[in-house]
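Okay, here's what each chain looks like letter by letter:
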Amino acid sequence: MEYYFDNAATTAVRPEVAEAMVQYFTKSYGNPSSIYKIAQKNKTAVERARGQVAEAINANANEIYFTAGGSEADNWAIKGVAESYGDKGKHIITSCIEHHAVLHTCEYLETKGYEVTYLPVDEYGLVSLDDVKKAVRDDTILITVMFANNEIGTIEPIAEIGAFAREKGILFHTDAVQAVGHVPIDVKAMNIDMLSMSGHKFYGPKGVGALYMRKGIKITPLIHGGAQERSRRAGTENVPGIIGMGLAAELAVKELDKEMPRLTALRDKLINSILEKVPYSRLNGHPTKRLPGNANISFEYIEGESILLLLDYKGICASSGSACTSGSLDPSHVLLAIGLPHEKAHGSVRLTMGHFTTEEQVDYVIQELPPIIERLRMMSPLYEEILRKNKKGE
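Because the structure is predicted, anything quoted here is derived from the model rather than measured.

### What about the pairing of strand 13 (residues 348–352)?
- Among the five residues that make up strand 13, five are buried, leaving the element largely enclosed by the rest of the structure.
- Neither face of strand 13 is exposed, since S348, R350 and T352 on one face and V349 and L351 on the opposite face are all buried.
- Examined bridge by bridge, strand 10 (residues 294–299) and strand 13 share five bridges and lie antiparallel to one another. Across the sheet, N296 pairs through a bridge with R350, a residue of strand 13.
- Two strands pair when backbone bridges link them, and strand 12 (residues 319–320) and strand 13 are joined in this way by two bridges, in the antiparallel orientation. Bridge pairing links S319 to R350 in strand 13.

### Focus on the sheet that holds strand 12
- Pairing is antiparallel in the open sheet, where four strands are placed in the order 9-10-13-12. For this open sheet the edge positions go to strand 9 (281–283) and strand 12, each flanked by a neighbour on one side alone.
- Across three bridges, strand 9 lies against strand 10 in antiparallel orientation. Of the residues in strand 10, the one forming a bridge with S281 is F299.
- Against the sheet, helix 10 (residues 304–313) makes contact with strand 10, strand 12 and strand 13, and its axis sits at roughly 45° relative to strand 13, the strand it touches most.

### Here we look at the packing of aromatic side chains
- Enumeration over the complete set of coordinates arrives at four aromatic pairs.
- Geometrically, the ring pair formed by Y3 and Y364 is stacked, given 4.0 Å between the ring centres and 15° between the ring planes. Residue Y3 is located in strand 1 (residues 3–4), and its partner Y364 is located in helix 13 (residues 359–377); the two are separated by 361 residues in the primary sequence. Across this residue pair, the class does not change: Y3 and Y364 are buried.
- On the numbers, 5.8 Å between centres and 80° between planes, the contact of Y65 with W76 is edge-to-face. Here the residue Y65 occupies a position in strand 2 (residues 64–67), and W76 occupies one in helix 3 (residues 70–85), the gap between them amounting to eleven residues. As far as the burial class goes, Y65 and W76 line up, both buried.

### Some details on the state of the cysteines
- According to the stated counting rule, one finds zero disulfides in the structure shown.
- Lacking any disulfide linkage, C96 is separated from the closest cysteine sulfur, that of C106, by 12 Å.

### Considerations on the environment of A165
- When you line up the elements, A165 lands in helix 6 (residues 158–168).
- Judged by its relative accessible area of 0%, A165 falls in the buried class.
- Sequence spacing of A165 and V136 is 29 residues, and the spatial spacing of their C-alpha atoms is 9.4 Å.
- Ignoring sequence-local partners within four residues, the contact set of A165 consists of I143, I170 and F172.

Rules behind the numbers
Within any chain, residue numbers begin from 1 and follow the written order of that chain's sequence. Reporting in this predicted model follows two pLDDT cut-offs: at least 70 for local features of residues, and 80 or more for side-chain atom pairs to be given and counted; totals over whole chains, interfaces and linings ignore these cut-offs and use all residues. In computing side-chain properties, one takes all heavy atoms of the structure into account and sets aside hydrogens as well as water. Remark: exposure states derive from per-residue accessible area (1.4 Å probe, protein chains only) relative to the maximum for the residue type, with buried under 20%, exposed over 50%, and partly exposed in between. For helices the rule is a DSSP run of H or I covering at least 4 residues; for strands it is a run of E covering at least 2, with both sets numbered from the N terminus onward. For two strands to count as paired, DSSP must find a minimum of two bridges between them. Residue contacts are counted whenever heavy atoms from the two residues lie within 4.5 Å of one another. Think of each axis as a best-fit line through the C-alpha atoms, taken over the contacting stretch in the case of a helix, with angles from 0 to 180 degrees between the N-to-C directions. Here a pair means two rings of Phe, Tyr or Trp (six-membered ring of Trp) with centres within 6.5 Å. Their orientation is stacked below 30 degrees between planes, edge-to-face above 60, and tilted elsewhere. The term disulfide is used for any two cysteine sulfur atoms that are within 2.5 Å.

Coordinates in, geometry out; function isn't part of it.
In structure tokens:
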């Protein structure tokens, strides 16, 4: 049996969402840009989905632009502002714990003459509003801070940053890929000018996302070609994906009042049980200002990848707090930013729950994870030394 605890990486498509998409592959397959009836029906369906996505974040339908995912939306927002507002200034503010879709885009812009301030975070991964204020310059054109961190789950003070940015007349973008459909979002109340999201993070399909862009903001297109998406994002629309994303967004937001407390309870049970059962372990991220389904825990004296392999043997899917699995020997930039030394950052595991997670599954992880940690530590010379010192009372 498989126990899936990696919902931050991707989620299963809900059955009702998959069912709604099927006809747009096989029957209603017309190109929305064509003029005949089956194509125009698809255009209507796309616009209905646009409205569903807009409603999920309290935006207007004409402020939603469909993309191929969150990374494209991040790239478009940041590069688009840089190019369109570059004559007003070339300074951008972001945080040091952003997703690489933001960090690498900012690094790219630095090669083009833009200056980027990377804000630090505290031990919980929180960006300080005071630091944002101090970083602003006369030539600042954009502040981009993620809504919630993909690794440690910390939710940033988005409304406060948004209010300050609006007061200063600086555009504010947030990468909300991890947050949409999981916590309440109101782009108007939070003074968000642009917001990135991705369908596969809230039980929709992969390969489709969206950029919310407040009415009146003019940024250059990232992809040139046809006149799709009101001439701002070229390419034939991914109709099945858009339909799936729209329905998934509607369902996720409709169930928030029920899902948030359920997942928060499961999250806290998982975290508290593991910290209680496993010595030399610590929670990463804020204890309460965090995504409902996110648990990121560091285990000293062992490697996260070894834990993942043994968890997989027990049928548990999780992810590591380090980047080693992607070929890098460096630990997670997020964990280093919150002050973890390399050895602790390397021993981190992220367990993320979702719509299909049950209490029985959580109980299974609580049962299986501590013996795995103990087994690995018994092979660790570092842990052996700690036990020896404890025996001697050093």
